[in-house]
Amino acid sequence: MAAAALALIPCTLVEHITGDTVFRPELGLVMFYALGVAFLGLLDDVLGHEGHRGWRGHGAAVLGGGVSTGVLKAAGSLGFALFALSDRFHSDWRWLLATAVLVLSTNLFNLLDLRPGRSAKALVILGTALSIGALSVHALWTVGVFVGPILVLLPLDLREVGMLGDTGSNAIGAVAGLWLVLTLSTAGQAIALAVMAAITVYGEFRSITALVDRTPALHWLDSLGRSHA
């Protein structure tokens, strides 16, 4: 995420000095939301000691009188998403739908990040499908300032030289959600939301890793490039 922020320096200078258009209009909301949830993930990495307990575990901690960094992260993500998209939609229900897509995507990719490289691979597959389906790379140019660093870090994550943590998985989920919102129609966002909700609910009661391991195609993709399959 630091690399994405640093990339703004030369790009901003080029745009200002030459007068050429370097940034897409939506980059502001992309930077705000992605960096915001990455910061929340960093807080969870530094202060949280709860592990991946899911919504039920975090809710139980709060009801028991404890403090859950997972709940704080979810609430903060909702706030960032509502604010980032507040000027993009004229219809309240479309604004709330896009917000739900962003928040659920951020949570889902955090949920997926139980094996090296899994979240980044899921982003690559999703982004490729969206670009081919839309016959456009407009959204890729917008989120590309984050996609580049994620692809550079993917081999390190696969070899377990580095670890994403909640900081990285939150940022990947944010990029995925933004890619969905910037590419899909309202109907497409509703379908994406339903699919992500179904996967999230499944992950609350069953093991997504176990599902991947017993599905040959998913297991092959999941193991691809990893030093320890």
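No experiment lies behind these values; they were computed from the predicted model shown. (Residues numbered from 1 in each chain as written. Predicted model: local features only at pLDDT ≥ 70, side-chain atom pairs only at ≥ 80, totals over all residues. Heavy atoms only, no water.)

A look at unusual backbone geometry
No. 1: One non-glycine residue, leucine 135, lies in the positive phi region at around 55 degrees.
No. 2: Among the structural elements, leucine 135 can be located in the loop between helix H6 (118–134) and helix H7 (138–158). (Helix = DSSP H or I, 4+ residues; strand = E, 2+ residues; numbered from the N terminus.)

Remarks on the layout of surface pockets
No. 1: Of the pockets and cavities examined, the second largest pocket occupies roughly 720 Å³.
No. 2: If you go around the second largest pocket, you meet 25 residues; those closest to its centre are Phe109, Leu112, Ala122, Ile125 and Ile199.
No. 3: Where the lining of the second largest pocket is concerned, the elements lending two or more residues are helix H5 (92–112), H6, helix H8 (165–183), helix H9 (186–205), helix H10 (208–213) and helix H11 (216–223).
No. 4: The biggest single contributor to the lining of the second largest pocket is H6, with seven residues.
No. 5: Grouping the constituent residues of the lining of the second largest pocket by class yields 21 nonpolar, one polar and three charged. (1 Å grid on protein atoms, 1.4 Å probe; cavity = no way out; pocket = protein on both sides within 12 Å on 5 of 7 lines; lining within 4 Å. Points joined across faces, edges and corners; volume = space filled by probe spheres on them. Nonpolar A, V, L, I, M, F, W, Y, C, P; charged D, E, K, R; others polar.)

Here's the deal with the environment of alanine 171
No. 1: Within the fold, alanine 171 resides in helix H8.
No. 2: Owing to a relative accessible area of 0%, alanine 171 belongs among the buried residues under this scheme. (Buried < 20%, exposed > 50% of the residue type's maximum accessible area, 1.4 Å probe, protein only.)

A closer look at the packing of H6 against H11
No. 1: In contact at an axis separation of 9 Å, H6 and H11 are set at 110 degrees when each is read in the N-to-C sense. Considering their axes alone, H6 and H11 lie roughly perpendicular with respect to each other. Across the interface between the two elements, Arg118, Lys121 and Ile125 from H6 touch Leu221, Asp222 and Ser223 from H11.
No. 2: When the residues that make up the contact of H6 with H11 are grouped by side-chain class, the tally is two nonpolar, one polar and three charged. (Axes fitted to C-alpha atoms, helices over the stretch in contact; angles between N-to-C directions. Parallel < 35°, antiparallel > 145°, perpendicular 65-115°, else oblique. Contact = heavy atoms within 4.5 Å.)

Remarks on helix H4 (residues 69–84)
No. 1: Taking 1.5 Å per residue as the helical rise, H4 with its 16 residues ought to reach 22 Å, and the 22 Å between its terminal C-alpha atoms agrees with that figure.
No. 2: Those residues of H4 that sit buried are Thr69, Gly70, Lys73, Ala74, Ser77, Ala81 and Ala84. Taken end-on, H4 shows its buried residues confined to a sector of 140 degrees, consistent with a single buried face. The exposed residues of H4 that point more than 90 degrees off its buried face are Leu72 and Phe83. (Expected span 1.5 Å × (residues − 1). Arc of directions from axis to C-beta.)

Examining the nonpolar core
No. 1: Of all hydrophobic cores here, the largest spans 45 residues; its most connected members are Val30, Tyr33, Leu123, Val143, Val175 and Trp179.
No. 2: Elements with a minimum of two residues in this core: helix H2 (27–47), H4, H5, H6, H7, H8, H9 and H10.
No. 3: What valine 143 contacts, discounting residues up to four positions off in sequence, is Val30, Val175, Leu178, Trp179 and Leu182. (Core = buried A, V, L, I, M, F, W, Y, C linked by side-chain atoms within 4.5 Å.)

Focus on the packing of aromatic side chains
No. 1: Counted according to the given criterion, the structure contains two aromatic pairs.
No. 2: Ring centres 5.3 Å apart and planes at 75 degrees place the aromatic pair phenylalanine 32 and phenylalanine 80 in the edge-to-face group. Placement of phenylalanine 32 in helix H2 and of phenylalanine 80 in helix H4 is noted, with a sequence separation of 48 residues between them.
No. 3: Judged by its relative accessible area of 33%, phenylalanine 32 is partly exposed.
No. 4: Accessibility expressed as a relative area gives 22% for phenylalanine 80, which makes it partly exposed.
No. 5: Considering the side-chain rings of phenylalanine 32 and phenylalanine 83, the 5.2 Å spacing of their centres and the 50 degrees angle between planes classify their relative orientation as tilted. Separated by 51 residues along the polypeptide, phenylalanine 32 in helix H2 and phenylalanine 83 in helix H4 bring together distant segments of the chain.
No. 6: Just above the ring of phenylalanine 89 sits the side chain of arginine 88; from NZ or CZ to the centre is 5.9 Å. (Phe/Tyr/Trp six-rings, centres within 6.5 Å; stacked < 30°, edge-to-face > 60°. Lys NZ or Arg CZ within 6 Å of the ring centre and 35° of its normal.)

Regarding a nonpolar patch on the surface
No. 1: On the surface, Ile125, Leu211, Leu218, Trp220, Leu221 and Leu224 cluster together to form a nonpolar patch covering roughly 540 Å² of accessible area.
No. 2: For the nonpolar patch, the element with the most residues is H11, which contributes three residues. (Patch = residues over 30% accessible without salt bridge, like charges linked within 9 Å, V, L, I, M, F, W, Y side chains within 5 Å. Areas by Shrake-Rupley, 256 points an atom, 1.4 Å probe, with all protein chains shown as cover. Salt bridge = Lys/Arg side-chain N within 4 Å of Asp/Glu carboxyl O.)

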